[in-house]
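# Observations on the three-dimensional arrangement
Spelled out, the chains give:
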Amino acid sequence: MAATVKGPVSVEDVNVTFEDQQKINKFARNTSRVTELKSEIETKKKSLQNLQDASDELMMLDDDSLLIPYQIGDVFIGHTQEETQEMLDAAKDALQQEVKGLEDQVSAIQQVLGDLKVQLYAKFGNNINLEADES
């Protein structure tokens, strides 16, 4: 976990109460959640880039009479270039909103983590490590 007690610590130095343990657990859960959200954001940004690339390729087409296959669920349906462009734009907008929502969640959780860090470091000082492992 991200929260660990370091070194030999005597009982009189650090007394971990139930509330302290709850804060440490909350910190660990939130740290894990931030990692998951950041991974999800990266995945969605890659999807967004793929949609942008598809949109760019679509703009380079010369023949407007071609039906462009667009995947809806498990099926590809042919649409005109204009309809396909509109659908790509709608998908990009939806994905951008999802990314913004996830980034807002990460920001809110990081605020909570900052508050917990202040509280836990105030009580435990150097006896607790709340920094992310770089492994």
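Let me begin by describing the structure that accompanies this report. It should be emphasised that the depicted structure is a prediction, and the values quoted were computed from it without experimental measurement. (Residues numbered from 1 in each chain as written. Predicted model: local features only at pLDDT ≥ 70, side-chain atom pairs only at ≥ 80, totals over all residues. Heavy atoms only, no water.)

### Considering the overall build of the chain
The secondary structure content of the chain amounts to two helices and four strands. Listing every helix and strand of the chain by position from the N terminus yields β-α-β-β-α-β. Residue burial in the chain is summarised as follows: out of 135 residues, 26% are buried. Residue pairs at least 24 apart in sequence account for 67% of intrachain contacts in the chain once pairs closer than 6 positions are excluded. Carbon and sulfur atoms make up 52% of the accessible area of the chain, which totals about 9,300 Å². (Helix = DSSP H or I, 4+ residues; strand = E, 2+ residues; numbered from the N terminus. Buried < 20%, exposed > 50% of the residue type's maximum accessible area, 1.4 Å probe, protein only. Contact = heavy atoms within 4.5 Å. Areas by Shrake-Rupley, 256 points an atom, 1.4 Å probe, with all protein chains shown as cover.)

### Details of the pattern of salt bridges
Going through the model one piece at a time under the given rule, you end up with seven salt bridges. One salt bridge connects Lys45 with Glu103, and the closest N-O pair in it is separated by 3.4 Å. Taken together, the residues Lys45 in helix α1 (residues 18–59) and Glu103 in helix α2 (residues 81–124) connect sequence positions 58 residues apart. The salt bridge partner of Lys92 is Asp89, with a shortest N-O separation of 3.6 Å. Here Lys92 and its partner Asp89 are both found in helix α2, three residues apart, which amounts to about one turn of the helix. By relative accessible area, which is 31% here, Asp89 ends up partly exposed. (Salt bridge = Lys/Arg side-chain N within 4 Å of Asp/Glu carboxyl O.)

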